[in-house]
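Chain by chain, the residues:
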Amino acid sequence: MRIGLIGCGAIGGVIVEASRTEGFADVVVVFDIVKERAEETSGGAYVAETFDEFIGVDMDVVVEAASPEAVRVFAEKVLEKADFLIMSVGALSDRDLLTKIESVAEKYGKKVYLPSGAVSGLDALKSVSHLAEEVTLTTIKNPESLAGAPFFDVYGIKPEEIKKRKHLFTGNAREAVELFPQNVNVAAAVSLAGIGFDKTKVRIIADPELRTNIHEIKVKGSFGEILTVSNNLPFPKNPKTSYLAALSAVRTLKNIGDKIIVGT
Ligand SMILES: NC(=O)c1ccc[n+]([C@@H]2O[C@H](COP(=O)([O-])OP(=O)(O)OC[C@H]3O[C@@H](n4cnc5c(N)ncnc54)[C@H](O)[C@@H]3O)[C@@H](O)[C@H]2O)c1
């Protein structure tokens, strides 16, 4: 499997390293708007200077580990040529972009992979999505990890003034994505796997004692109930990213080449 990588940061670095050491794929070309990052991370792959140069290389799968903007700008051209693994899943909270990606993938017979990222339980949620009456994602983070979110300006709260565990927000995933863009990937993945952005309930809790990022998913319906919890260590190279997210990208790539696929 020939892989092209857009975005050579925390997640991109793990993908290059894992494919090199575990041999499940060859990263043949890398591209990053910061060329030095691409050069540092390439692991011997060709370093493209521009996206046009990148997309000219023969590839089976393009991995996006860059930004929502990269998904918006490059998705169509990528899907004309290769399957597309998207890490910035939050970009797909834009309905028009999601529809566009679906139709281009259909037209060119390509697949789009959205790894589970920083959460667990999407396998079960997918299985029961047509029966799920209630899906609630609760995210608990240190207020520092939430700093910069528009929520704090809208409600006049300062993250550094939160001295004990505080419930900040309950609303649907569409509102959560607006107010807490840092949480957008998880909210988007849960919404897309389950009952959509408008029906998925999101709760955000700030806890200054916490050093990990906790995501809890509760699903209720005529099948019973599901509760999953991920307690994620931040990635040293980029504390906004959980190590689990990078590992889920690697696992998704391995699935593509596997003869026996375990799990839903
Ligand atoms: N699905 C999930 O659960 C999940 C979890 C963590 C991160 N993410 C997302 O995955 C993406 C990568 O995360 P990361 O932690 O590796 O980020 P990072 O900041 O460590 O690395 C991103 C790299 O992409 C490059 N880049 C940004 N925009 C680009 C563009 N338009 N074209 C080319 N290169 C570009 C940057 O220069 C940087 O080197 C982010 O968008 C992040 O939000 C998703």
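Criteria and thresholds
- Residues numbered from 1 in each chain as written.
- Predicted model: local features only at pLDDT ≥ 70, side-chain atom pairs only at ≥ 80, totals over all residues.
- Heavy atoms only, no water.
- Near = heavy atom within 4 Å.
- Polar contact = N/O pair within 3.5 Å; in protein donor to acceptor, adjacent residues only side chain to side chain.
- 1 Å grid on protein atoms, 1.4 Å probe; cavity = no way out; pocket = protein on both sides within 12 Å on 5 of 7 lines; lining within 4 Å.
- Sits in = over half its atoms within 2 Å of the grid points.
- Helix = DSSP H or I, 4+ residues; strand = E, 2+ residues; numbered from the N terminus.
- Nonpolar A, V, L, I, M, F, W, Y, C, P; charged D, E, K, R; others polar.
- Axes fitted to C-alpha atoms, helices over the stretch in contact; angles between N-to-C directions.
- Parallel < 35°, antiparallel > 145°, perpendicular 65-115°, else oblique.
- Left-handed = near helix turned anticlockwise from the far one by under 90°.
- Contact = heavy atoms within 4.5 Å.
- Patch = residues over 30% accessible without salt bridge, like charges linked within 9 Å, V, L, I, M, F, W, Y side chains within 5 Å.
- Areas by Shrake-Rupley, 256 points an atom, 1.4 Å probe, with all protein chains shown as cover.
- Salt bridge = Lys/Arg side-chain N within 4 Å of Asp/Glu carboxyl O.
- Buried < 20%, exposed > 50% of the residue type's maximum accessible area, 1.4 Å probe, protein only.
- Pairing = 2+ DSSP bridges.
- Core = buried A, V, L, I, M, F, W, Y, C linked by side-chain atoms within 4.5 Å.
- Expected span 1.5 Å × (residues − 1).
- Points joined across faces, edges and corners; volume = space filled by probe spheres on them.
- Domains from an automatic or database assignment.

Student: Help me out: how do you make sense of the site of the ligand in this one?
Tutor: Taken together, 26 residues form the shell around the ligand, and within it Ile11, Asp32, Arg37, Ser88 and Thr241 come nearest. Between the ligand and Asn185, the relevant distance is 2.9 Å, taken from an oxygen atom to a side-chain nitrogen or oxygen of the residue. Residue Asn238 places a side-chain N or O atom 3.0 Å away from an oxygen atom belonging to the ligand. The pocket occupied by the ligand, as judged from atoms lying within 2 Å of grid points, is the largest pocket. Broken down by element, the shell around the ligand gets its largest block of residues, three residues, from helix H4 (residues 68–79). Across the shell around the ligand, the residue classes break down as 16 nonpolar, eight polar and two charged.

Student: For this particular structure, what's the right way to read the packing of helix H1 (residues 10–22) against helix H11 (residues 243–257)?
Tutor: When two helices pack together, their arrangement is given by the angle between their axes and by how far apart the axes lie. Viewed as axis vectors pointing N to C, H1 and H11 meet at an angle of 45°, and their least axial separation amounts to 9 Å. Classified by the angle between their axes, H1 and H11 sit oblique to one another. In this structure, H1 meets H11 at a crossing whose hand is right-handed. On the side of H1, the interface is formed by Ile11, Val14, Ile15, Ala18 and Glu22, while H11 contributes Tyr243, Ala245, Ala246, Ala249, Val250, Leu253 and Lys254.

Student: For this particular structure, what's the right way to read a nonpolar patch on the surface?
Tutor: Side chains of Tyr243, Leu244 and Leu247 sit close together on the surface and give an oily, nonpolar patch of about 250 Å² of accessible area. Tracing the chain through its elements places Tyr243 in helix H11. Taking the relative accessible area as the measure of exposure, Tyr243 reaches 44% and is therefore partly exposed.

Student: Help me out: how do you make sense of the sheet that holds strand S11 (residues 224–232) in this one?
Tutor: Hydrogen bonds between backbone groups are what pair the strands of a sheet, and the pairing can be parallel or antiparallel. Spatially, the five strands line up as an open sheet ordered S8-S9-S7-S10-S11, and their pairing is mixed. Since the sheet does not close on itself, it has two edges, and those belong to strand S8 (166–172) and S11, each with one partner. Within the sheet, the average angular offset between the axes of one strand and its neighbour, ignoring direction, is 15°. Summarising the sheet, strand S7 (residues 132–141) and strand S10 (residues 213–221) pair through eight bridges and their orientation is antiparallel. Looking at the pairing, Thr139 lines up with His215 of S10. Each of S7, strand S9 (201–206) and S10 touches helix H10 (residues 184–193); the most contacted strand, S7, lies at about 165° to it.

Student: Even after reading the chapter, I still don't get the nonpolar core, so can you show me in this structure?
Tutor: Nonpolar side chains tend to gather and get buried jointly when the protein is soluble and globular. Among the nonpolar cores identified, the biggest contains 64 residues, and Leu168, Phe169, Phe180 and Val190 are the most heavily contacted of them. Those residues within four positions of Leu168 in sequence are excluded, and the remaining contacts are Leu146, Phe151, Phe152, Ile162, Phe180, Ile204, Ile205 and Ala206. With 26 residues, the next largest nonpolar core counts Phe31, Val78, Phe84 and Ala91 among its residues.

Student: In this structure, what is going on with H11? I would like to understand it.
Tutor: Quick reminder: α-helices carry 3.6 residues per turn. Residues three or four places apart thus point the same way. Relative to the 21 Å expected for 15 residues at 1.5 Å per residue, H11 spans 22 Å between its end C-alpha atoms, a close match to the ideal helical length. The complete set of buried residues in H11 reads Ala245, Ala246, Ser248, Ala249, Val250, Thr252 and Leu253.

Student: Looking at this structure, I do not really get the layout of surface pockets. What am I missing?
Tutor: Taken as a whole, the largest pocket spans an internal volume of roughly 1,000 Å³. If you trace the largest pocket, you find 45 residues lining it, with Ala65, Ala66, Ser88, Asn238 and Thr241 closest to the centre. Broken down by secondary-structure element, the contributors of at least two residues to the lining of the largest pocket are H1, helix H2 (35–41), H4, H10, S10 and strand S13 (238–242). With five residues, the top contributor of residues to the lining of the largest pocket is H4. Here the residues of the lining of the largest pocket sort into 21 nonpolar, 16 polar and eight charged. In terms of domain composition, the lining of the largest pocket takes at least three residues from each of domain 1 (2–114 + 245–257) and domain 2 (122–232). Of the pockets and cavities examined, the second largest pocket occupies roughly 850 Å³. Of all the secondary structure elements, the ones that give two or more residues to the lining of the second largest pocket are strand S6 (112–113), helix H6 (122–128), H10 and H11. With seven residues, H11 is the largest single contributor of residues to the lining of the second largest pocket. Classifying every residue of the lining of the second largest pocket by side-chain character gives 17 nonpolar, nine polar and four charged. Two domains share the lining of the second largest pocket, each providing at least three of its residues, namely domain 1 (2–114 + 245–257) and domain 2 (122–232).

Just geometry here; none of it tells us what the structure is for.
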